[in-house]
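# Observations on the three-dimensional arrangement
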Amino acid sequence: MTAEAEDLTGQAPPGIGSLARQRIGWRLLPFIFLLYLVAQLDRVNVSFAILRMSVDLGFSDRVYGLGIAAFYVGYVILEVPGALIVERWSARKWISRIMVSWGIVTIFSGLVQTPGQFYATRFLLGLAEASFFPGMIVYLTHWLRLSDRGRAVAILYSAIPVSSVLGAPLAGWLLRAGWSGIPGWRWLFIVEGVPALILGVITLFYLTDWPREARWLPQDERAWIESELAAEKRAKLGTQRYTIWQAFRDRRVFLLLIPYLLANVGTTSITFWMPTFIKRISGLPTTSVTHLAMISALVGLVGLINGWHSDRTDERRWHTAIPLFCVGVAYLLLIPASGNFPISMTLIALGGGFVYAYYPAFWAIPTMLLSESAAAATFGLINGTGHLGGFFGPFIISWLSDRTHSLLPGFAFIGGCYLLAALLISQLKVRESPDNLGTPGATPGGPRR
């Protein structure tokens with residue numbers, strides 16, 4: 001397909017494709033970005049709250065690590081069912097439900113008094129947010145061609161560093177607040193839970209599940225995107241409709257799942273421990289730490305250019321493996337550099353940039369292989385299993401910190417996870433003949449990327 005959206009049937013009027021892509025992009029992507037931005041603020045605000053929360057409530061590193069792990073237990077439970085609900089029922093209704101429920105739980109997190117309550121609210125938050133991200137990926141496949149998805153996922157993922165850029169100073173301000181005698185960390189949860197409730201209601205009326213239902217899209221543009229997506233689906237399915245279980249047995253799915261699990265062990269460790277890492281390496285006050293945490297996020301925005309380049313070059317495997325390798329090297333170099341804060345902060349920032357860089361290319365890969373319910377279930381399986389890393393990673397870091405009273409073993413652990421993930425992704429044969437899907441031991445066919 002050309003950049004001008006060539007019609008696969010050869011019947012679409014010139015320019016219709018470009019108009020449809022622009023209209024769809026401007027209608028959906030900014031709103032999806034906003035939803036994911038709020039999701040990230042509510043997921044990781046605990047990493048800033050714990051700087052004061054641990055003092056007020058006497059929580060140890062171990063309690064914090066278990067609380068983070070509890071989120072991912074809840075998160076994993078509904079990943080596959082939720083992604084299937086988006087595919088088979090309604091994306092807008094399910095996403096609306098997710099946002100309202102996680103907004104409520106976030107607000108109640110501000111009332112926590114004991115470790116047990118902390119674990120419970122984190123578990124419920126994970127349960128509430130489960131399937132949000134794979135649901136977004138599934139939703140994008142309803143509207144965007146494969147050649148546009150790397151850039152779209154880059155826009156979606158840009159919400160993560162932007163949430164840090166906005167969330168860090170907001171957290172710093174709220175942590176200093178003490179309105180009505182209530183500690184600032186409690187206000188952090190309460191204030192950041194409200195936008196999710198509001199956007200959850202708006203989502204129900206703003207999003208459209210399928211192009212055929214889009215009254216805001218002219219009839220000729222609607223017909224064009226439907227024909228394009230139908231042609232892609234036929235190319236992937238060939239003459240056979242693949243089941244969910246066939247997709248789960250495909251070895252390429254496992255070669256995506258395992259590296260994503262390893263990478264998420266590292267990513268969640270970085271996400272939830274970065275403020276603590278910076279504070280302990282630098283010895284700076286909390287306000288300065290929240291500002292320094294923004295640097296990694298700003299570098300991450302630059303790293304997302306990798307998604308655009310992946311679309312332009314039509315290459316996915318190395319656009320995924322190389323950033324993972326670079327993150328691993330950066331964290332291993334933190335071990336000898338930990339005594340020098342400027343160098344350490346530079347490595348943390350670079351590591352953060354490369355973390356964000358791999359996501360767009362990675363999530364374009366499964367959309368090349370599968371469609372419909374098999375694709376939705378696989379997105380949920382990969383994301384859900386991968387987010388078990390959120391259970392193991394922060395807990396292992398807390399265990400290493402408590403046992404060794406040092407950050408260095410944690411840096412080695414994070415670096416090793418990324419390097420192994422990069423090695424496994426580099427072995428993946430991204431494009432194979434659709435006829436081989438779900439056939440163990442099938443001979444690869446077609447060009448490799």
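Residues numbered from 1 in each chain as written. Predicted model: local features only at pLDDT ≥ 70, side-chain atom pairs only at ≥ 80, totals over all residues. Heavy atoms only, no water.

## Description of the packing of helix H2 (residues 61–77) against helix H18 (residues 389–404)
In helix packing, the relevant descriptors are the interaxial angle and the interaxial distance, both defined with respect to the helix axes. Worth spelling out the cut-off: To get an axis, fit a line to the C-alpha atoms, keeping to the stretch in contact for a helix; angles then go from 0 to 180 degrees between the N-to-C directions. Strands here mean DSSP runs of E at least two residues long; helices mean DSSP runs of H or I at least four residues long; both are numbered from the N terminus. With respect to orientation, any angle under 35 degrees is reported as roughly parallel, any angle over 145 as roughly antiparallel, any angle of 65 to 115 as roughly perpendicular, and every other angle as oblique. In this description, contact between two residues means that some pair of their heavy atoms is separated by no more than 4.5 Å.
Between H2 and H18, the shortest axis-to-axis distance is 7 Å and the interhelical angle comes to 170°. Judged by the inter-axis angle, H2 sits roughly antiparallel to H18. Counting all contacts with H2, which are made through Asp61, Arg62, Gly65, Leu66, Ile68, Ala69, Tyr72 and Val73, the residues of H18 involved are Gly390, Phe391, Pro394, Phe395, Ser398, Trp399, Ser401 and Asp402.

## Some remarks on the packing of aromatic side chains
Our working definition: To pair, rings of Phe, Tyr and Trp, with the six-membered ring standing in for Trp, must have centres within 6.5 Å; the planes then decide the type, stacked if under 30 degrees apart, edge-to-face if over 60, and tilted in the middle. Put simply, a charge is over a ring when the Lys NZ or the Arg CZ is close to the ring centre, within 6 Å, and near the line of the ring normal, within 35 degrees.
Considering all chains together, one arrives at 25 aromatic pairs under this definition. Chaining the aromatic ring pairs together yields one cluster made of Tyr36, Trp102, Phe132, Phe133, Tyr157, Tyr260, Tyr358, Tyr359, Phe362 and Trp363. The ring centre of Tyr206 lies 4.2 Å from the NZ or CZ of Arg27, which sits over that ring. For the cation-ring pair, Arg97 lies above Trp94, with the distance from its terminal atom to the ring centre recorded as 4.2 Å.

## Considering the confidence of the model for the protein chain
The criterion, for reference: The predictor attaches a confidence to each residue, and that confidence, scored 0 to 100, is pLDDT.
When pLDDT is averaged along the protein chain, the result is 82; 88% of the residues meet or exceed 70. Every residue in residues 1–12 scores below 50 in pLDDT, and together they form 21 contacts with partners more than four places removed in sequence or on other chains. A low-confidence stretch, residues 432–449 stays under pLDDT 50, and its non-local contacts, those more than four residues away or across chains, total 38 contacts.

## Points about empty space enclosed by the protein
Just so we agree on the cut-off: A cavity here means a set of 1 Å grid points, computed over protein atoms only, where a 1.4 Å probe fits but cannot escape. A pocket is an open set with protein on both sides within 12 Å along at least 5 of 7 lines, and lining residues have an atom within 4 Å of a point. Grid points are joined across faces, edges and corners, and a volume is the space filled by probe spheres set on the points.
Scanning the model with the defined rule gives one cavity of 30 Å³ or more in all. Considering only enclosed or pocket space, the largest cavity measures out at about 520 Å³ in volume. Taken together, 37 residues line the largest cavity, and the ones lying closest to its centre are Gln40, Val44, Ile160, Thr271 and Tyr356. Only helix H1 (16–57), H2, helix H8 (159–176), helix H12 (251–282), helix H13 (286–303) and helix H16 (341–369) provide two or more residues apiece to the lining of the largest cavity.

## Quick notes on the pattern of salt bridges
For clarity, the threshold we go by: The working definition used for a salt bridge is a side-chain nitrogen of Lys or Arg within 4 Å of a carboxyl oxygen of Asp or Glu.
Summed over all chains, the structure comprises eleven salt bridges. With a closest N to O distance of 2.8 Å, Arg21 and Asp148 form a salt bridge. Here Arg21, found in helix H1, pairs with Asp148, found in helix H7 (residues 146–157); they are 127 residues apart in sequence, far enough to count as distant. The residue Arg151 makes a salt bridge to Asp311 at a minimum N-O spacing of 3.0 Å. Pair noted here: Arg151 is in helix H7 and Asp311 is in helix H14 (residues 305–313), with a separation of 160 residues, a long-range link.

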